[in-house]
Amino acid sequence: MTQLLVKTAVQNVDTDLGAPGDGAAATDVAAVGVIPLIKRSLQRWTTLLAALPANLGAKASAASFPVVLATDQATLAVSATARACVGRQTITIAAGSIVTLTPPGGAVAAHIQADGATVRITLEGTAPSATTGTRIDDGVIYPVDTSLAAVKLFSATACAVQVGYFDKA
């Protein structure tokens, strides 16, 4: 009896799943086993992939992948206004000391340039040191668009920092 049940179960596997030699299903909803449906899916993927360009990227217009924009999509207005410099400051840093910015009214961003030595900067109010904070090498300009009141600067050797303040980030 057990052998008969096992033989019947194995025959059902071939019927339910399909035999490996079965061809691909003729349609997506054909009443066939799983293997013919998988073979159909692979054929359809192959067809889809063949419709894509061999490689995506910059190409001549005729060889590129077409993109169609919706004709009923509203236009998106884009406008911009230039930012203005609202002040400049030269800050002298004594060796081993920490300084803060003194931004003028209306300043929301700054460009900070180390002038004469490497400077360390923190943006969240913590104290920078010789090993803590972002390093700004001499001559490098570092943009800041976070809270200017929280900016702190440190230099191990005496130097200056040039700061330009702006009304927009």
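Just so we're clear, the structure is a prediction, and the values are computed from it rather than from any experiment.

### Comments concerning the pattern of salt bridges
Following the criterion strictly, the structure yields 4 salt bridges and no others. Here Asp28 ties to Arg44 by a salt bridge, and the two come within 3.7 Å at their closest N and O atoms. Placement of the pair is Asp28 in the loop between helix H1 (2-17) and helix H2 (34-51) and Arg44 in helix H2, with a sequence separation of 16 residues. The exposure class assigned to Arg44 is partly exposed, which follows from its relative accessible area of 46%. Lys168 is the salt-bridge partner of Asp167, the closest N and O atoms lying 4.0 Å from each other.

### What about the pairing of strand E8 (residues 159-166)?
Among the 8 residues that make up E8, 7 are buried, leaving the element largely enclosed by the rest of the structure. Of the strand pairs in this sheet, strand E3 (residues 109-115) and E8 are connected by 7 bridges, and their pairing is antiparallel. Paired with Gln113 across the bridge in E8 is Gln162.

### Observations concerning the sheet that holds strand E5 (residues 134-136)
Reading across the sheet, the 4 strands line up as E2-E7-E4-E5 and stay open at both edges, with antiparallel pairing between neighbours. This sheet does not close on itself; its edge strands, each paired only once, are strand E2 (97-100) and E5. Between one strand axis and the next, the sheet turns through 30 degrees on average, direction left out of account. Bridging between E2 and strand E7 (residues 152-155) involves 4 bridges; their strand directions are antiparallel. Opposite Ile98, over in E7, you have Phe154 as the bridge partner.

### Digging into the side chain of Arg40
Within the secondary structure, Arg40 sits in helix H2. Here the side chain of Arg40 touches Ala26 through a polar contact of 3.3 Å, landing on its backbone oxygen. Leaving out residues up to four positions away in the same chain, Arg40 has contacts with Ala24, Ala25, Ala26, Thr27 and Asp28.

Calculation notes
Residues numbered from 1 in each chain as written. Predicted model: local features only at pLDDT ≥ 70, side-chain atom pairs only at ≥ 80, totals over all residues. Heavy atoms only, no water. Salt bridge = Lys/Arg side-chain N within 4 Å of Asp/Glu carboxyl O. Helix = DSSP H or I, 4+ residues; strand = E, 2+ residues; numbered from the N terminus. Buried < 20%, exposed > 50% of the residue type's maximum accessible area, 1.4 Å probe, protein only. Pairing = 2+ DSSP bridges. Axes fitted to C-alpha atoms, helices over the stretch in contact; angles between N-to-C directions. Polar contact = N/O pair within 3.5 Å; in protein donor to acceptor, adjacent residues only side chain to side chain. Contact = heavy atoms within 4.5 Å.

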